[in-house]
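# Report on the structure
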Amino acid sequence: MESLESKTRFCFVALLLISLVWSQLPSSSAQQQHEPNPTIRTMEDFSGYPIHEPGQFGSVSLASSLSVDAPGLQKQIEELSSFSDAPSPSVTRVLYTDKDVLARRYVKTLMTLAGLSVREDAVGNIFGKWDGSEPSLPAVATGSHIDAIPYSGKYDGVVGVLGAIEAINVLKRSGFKPKRSLEIILFTSEEPTRFGISCLGSRLLAGSKELAEALKTRVVDGQNVSFIEAAKSAGYAEDEDEDFSSVFLKKGSYFAFIELHIEQGPILEDEGLDIGVVTAIAAPASIKVEFEGNGGHAGAVLMPYRNDAGLAAAELALAVEKHVLESESIDTVGTVGILELHPGAINSIPSKSHLEIDTRDIDEARRNTVIKKIQESAYTIARKRKVKLTEFKIVNQDPPALSDKLVIKKMAEASTELNLSHKMMISRAYHDSLFMARISPMGMIFIPCYKGYSHKPEEYSSPEDMSNGVKVLSLTLAKLSID
């Protein structure tokens, strides 16, 4: 017996052929020319989606035709979350682990089912492409990441990958045909969980020669497994003399790049807004600081005679807050995320201390001024407390990125045409888009998330909010693809 799927396909093809014949028949009156085609209406009822002739609509009519499979997208998010090294509802998915490899395979399958041609580069950035009518033109790209820090949530990055695949499906169901090709990118290791390098895949795409060299020889994880070994275990970096510069993309490789992402903050939810149009991404600078003093017994060494490395660290932590506030900008932030004392006993004076500091701003000069003041304070504190400042190292100092004016315009237009409320806002978190901005014009679309939670199991975005984001992404991609 024929399967239900085969019968369904046959019926749909038959209806399509009927509609093509019907469209060639002469109309009896001008009124008939404006009446809905009954065959098209039947096809729409049968498939559950609007049917349009390619190229027969502007962006406003396209907006009205976009239909998102919200239950299907939610199901895919749940299925992807099952590839985890932590029990539900937590997600732990670390680069090149078995669960990461399985999750990648799942996404590649979805790309293939969406009719995309799939390829991967030497570090596992995954690309799914829908060829446009003029494939020689630079493509419009979108995407995000699926790796997850330990015991985090289901939506960070994932919405921008699975949502991008659904956005392509939405456009295909609407009958839209792109002029410029559309490409989805799944970025390798946006999170720094395993090798301490954030946005590893997009940094390489943006042409980081220093990183390409380091990955070949110097980068190891906490178990002393080299990057090369880990990549090979996942099926990448197969060449013994792998040259990771093969991953680099030339500036202008894409006409534009747009990333859909949960906000990871409470603003959209608090203000009851549907969409955030991101105008800039704040970039962090990371600093490592170490003080060395003299240890001793907590009772026997009197206060005037101490060289306490722990108090030096505590004083510097307060200085970080002071210098950030001195900037007088709400966009300047500083965090002492790690503070470690040696030997770490309650009855022992700390002989060594270690701090790691994160400073961020959308204004690079203002952020760098804060860093300079922190360094000056570190030297002053060391002299005053008679301890040694044995290390003050700026680990990375990435410049912030501004969204492109044309991309901002198209995202805002799409939101308006879809009758969705939106606001211009900055991203205070780090994203692959920061590095894609070095390759092409860039923009980001934010959607609300519950209480602004992220990087924790309670992370959540509703199917409605995700559908809104996918629609805005779909329409923005369409606008840019025919520009």
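Residues numbered from 1 in each chain as written. Predicted model: local features only at pLDDT ≥ 70, side-chain atom pairs only at ≥ 80, totals over all residues. Heavy atoms only, no water.

### So, the overall build of the chain
A count of helical and extended segments in the chain gives 16 helices and 17 strands. Counting only residues that meet the buried cut, the chain has 50% of its 483 residues in that class. For the chain, contacts bridging at least 24 residues in sequence account for 79% of all contacts bridging at least 6. Put simply, the chain shows about 22,500 Å² of open surface, and 54% of that area lies on carbon and sulfur atoms. (Helix = DSSP H or I, 4+ residues; strand = E, 2+ residues; numbered from the N terminus. Buried < 20%, exposed > 50% of the residue type's maximum accessible area, 1.4 Å probe, protein only. Contact = heavy atoms within 4.5 Å. Areas by Shrake-Rupley, 256 points an atom, 1.4 Å probe, with all protein chains shown as cover.)

### Digging into the packing of helix 6 (residues 98–113) against helix 7 (residues 158–174)
A pair of packed helices is characterised by two quantities: the angle between their axes and the separation of those axes. Relative to each other, helix 6 and helix 7 sit at 15 degrees, their axes nearing to 9 Å. One element, helix 6, and the other, helix 7, form an angle in the roughly parallel class. The handedness of the crossing between helix 6 and helix 7 is left-handed. Residues Val107, Leu110 and Met111 of helix 6 pack against Val161, Leu162 and Ile165 of helix 7. Of the residues contributing to the contact of helix 6 with helix 7, the split by class is 6 nonpolar, no polar and no charged. (Axes fitted to C-alpha atoms, helices over the stretch in contact; angles between N-to-C directions. Parallel < 35°, antiparallel > 145°, perpendicular 65-115°, else oblique. Left-handed = near helix turned anticlockwise from the far one by under 90°. Nonpolar A, V, L, I, M, F, W, Y, C, P; charged D, E, K, R; others polar.)

### Here we look at helix 13 (residues 364–385)
Compared with an ideal rise of 1.5 Å per residue, which puts 22 residues at 32 Å, helix 13 spans 32 Å between its outermost C-alpha atoms and is within 8% of the ideal. Restricting attention to buried positions, one finds in helix 13 the residues Arg367, Val370, Ile371, Ile374, Ser377, Ala378, Ile381 and Ala382. Projection of helix 13 onto a plane perpendicular to its axis shows the buried side chains occupying an angular sector of 135 degrees, all on one side. Away from its buried face, by an angle of more than 90 degrees, helix 13 presents the exposed residues Ala365, Lys372, Arg383 and Lys384. Close packing links the buried residues of helix 13 with strand 9 (283–292), helix 12 (309–326), strand 13 (352–361) and strand 14 (388–397). (Expected span 1.5 Å × (residues − 1). Arc of directions from axis to C-beta.)

### So, the pattern of salt bridges
One pass over the structure, following the stated rule, counts 20 salt bridges. One continuous salt-bridge network, built from bridges that share partners, spans Lys409, Glu413, Glu417 and Lys479. (Salt bridge = Lys/Arg side-chain N within 4 Å of Asp/Glu carboxyl O.)

### Side note on a negative patch on the surface
Together, Glu213, Glu238, Asp239, Asp241 and Asp243 give the surface a local cluster of negative charge. With respect to the helices and strands, the residue Glu213 is situated in helix 9 (residues 209–217). (Patch = residues over 30% accessible without salt bridge, like charges linked within 9 Å, V, L, I, M, F, W, Y side chains within 5 Å. Lys, Arg positive; Asp, Glu negative; His and termini not counted. Charge placed at Lys NZ, Arg CZ, Asp CG, Glu CD.)

### Section: the packing of helix 5 (residues 70–81) against helix 6
Put simply, helix 5 and helix 6 touch, their axes get as near as 10 Å, and they point 155 degrees apart. With respect to helix 6, the axis of helix 5 lies roughly antiparallel. The handedness of the crossing between helix 5 and helix 6 is right-handed. Between helix 5, through Gln76, Glu79 and Leu80, and helix 6, the contact on the second element is made entirely by Ala103, Tyr106, Val107 and Leu110.

### Brief notes about empty space enclosed by the protein
Throughout the structure, instances matching the rule amount to 1 cavity of 30 Å³ or more. Each pocket or cavity is described by its volume, and for the largest cavity that value is around 30 Å³. Considering the residues around the largest cavity, the lining is formed by Leu95, Asp100, Arg104, Ile146, Asp147, Leu186, Phe187, Thr188 and Ser189. Mapped by element, the contributors of at least two residues to the lining of the largest cavity are helix 6 and strand 6 (182–187). In terms of residue class, the lining of the largest cavity is made up of 4 nonpolar, 2 polar and 3 charged. (1 Å grid on protein atoms, 1.4 Å probe; cavity = no way out; pocket = protein on both sides within 12 Å on 5 of 7 lines; lining within 4 Å. Points joined across faces, edges and corners; volume = space filled by probe spheres on them.)

### A closer look at the packing of aromatic side chains
The way to describe two aromatic rings as a pair is by their centre distance and the angle between their planes. Summed over the entire model, instances satisfying the criterion amount to 9 aromatic pairs. With a centroid separation of 5.4 Å and an interplanar angle of 70 degrees, the aromatic rings of Phe195 and Phe227 are classed as edge-to-face. Here Phe195 is found in the loop between strand 6 and helix 8 (200–205), whereas its partner Phe227 is found in helix 10 (residues 227–233), with 32 residues between them in sequence. On the basis of relative accessibility, which here comes to 10%, the residue Phe195 falls in the buried class. The class for Phe227 is buried, based on a relative accessible area of 0%. The structure contains a cluster of three or more aromatic residues connected by ring pairs, namely Tyr96, Phe195, Phe227, Tyr236 and Phe244. The ring of Phe127 has Arg119 sitting right over it, with the charged end atom 3.9 Å from the ring centre. The lysine or arginine in question, Lys456, covers the ring of Tyr453, its NZ or CZ lying 4.0 Å from the ring centre. (Phe/Tyr/Trp six-rings, centres within 6.5 Å; stacked < 30°, edge-to-face > 60°. Lys NZ or Arg CZ within 6 Å of the ring centre and 35° of its normal.)

### Some remarks on helix 6
With 16 residues, helix 6 extends 23 Å between its outermost C-alpha atoms, agreeing within 8% with the 22 Å of an ideal straight helix rising 1.5 Å per residue. What helix 6 keeps buried is the set Asp100, Ala103, Arg104, Tyr106, Val107, Leu110 and Met111. Burial along helix 6 is one-sided: seen end-on, the buried residues are contained in an arc of 160 degrees. Those residues of helix 6 that are exposed and angled more than 90 degrees off the buried face are Asp98 and Leu113. For helix 6, the elements touching its buried residues are helix 5, strand 1 (91–93), strand 2 (117–120), strand 3 (126–130), helix 7 and strand 6.

### Quick word on the confidence of the model for the chain
Mean pLDDT over the chain works out to 90, with 87% of the residues at or above the 70 mark. Low pLDDT, under 50, characterises residues 1–5; the stretch is placed with 1 contact to residues that sit more than four places away or in other chains. Confidence drops under pLDDT 50 across residues 51–56; counting only partners more than four residues distant or on other chains, this segment forms 9 contacts. (pLDDT = per-residue confidence, 0-100.)

### Observations concerning the sheet that holds strand 9
If you walk across this open sheet you meet the 4 strands as 11-13-9-14, and the pairing is antiparallel. With one partner strand each, in any of the chains shown, strand 11 (333–342) and strand 14 form the two edges of the open sheet. Direction aside, the axes of adjacent strands within the sheet are offset by 15 degrees on average. Relative to strand 14, strand 9 runs antiparallel, the two being bridged by 8 bridges. Along strand 14, the bridge assignment pairs Phe291 with Leu389. Contacts from helix 12 reach strand 9, strand 11 and strand 13, with the element oriented near 10 degrees to strand 13. Docked against the sheet, helix 13 engages strand 9, strand 13 and strand 14, running at close to 170 degrees with respect to strand 14. (Pairing = 2+ DSSP bridges.)

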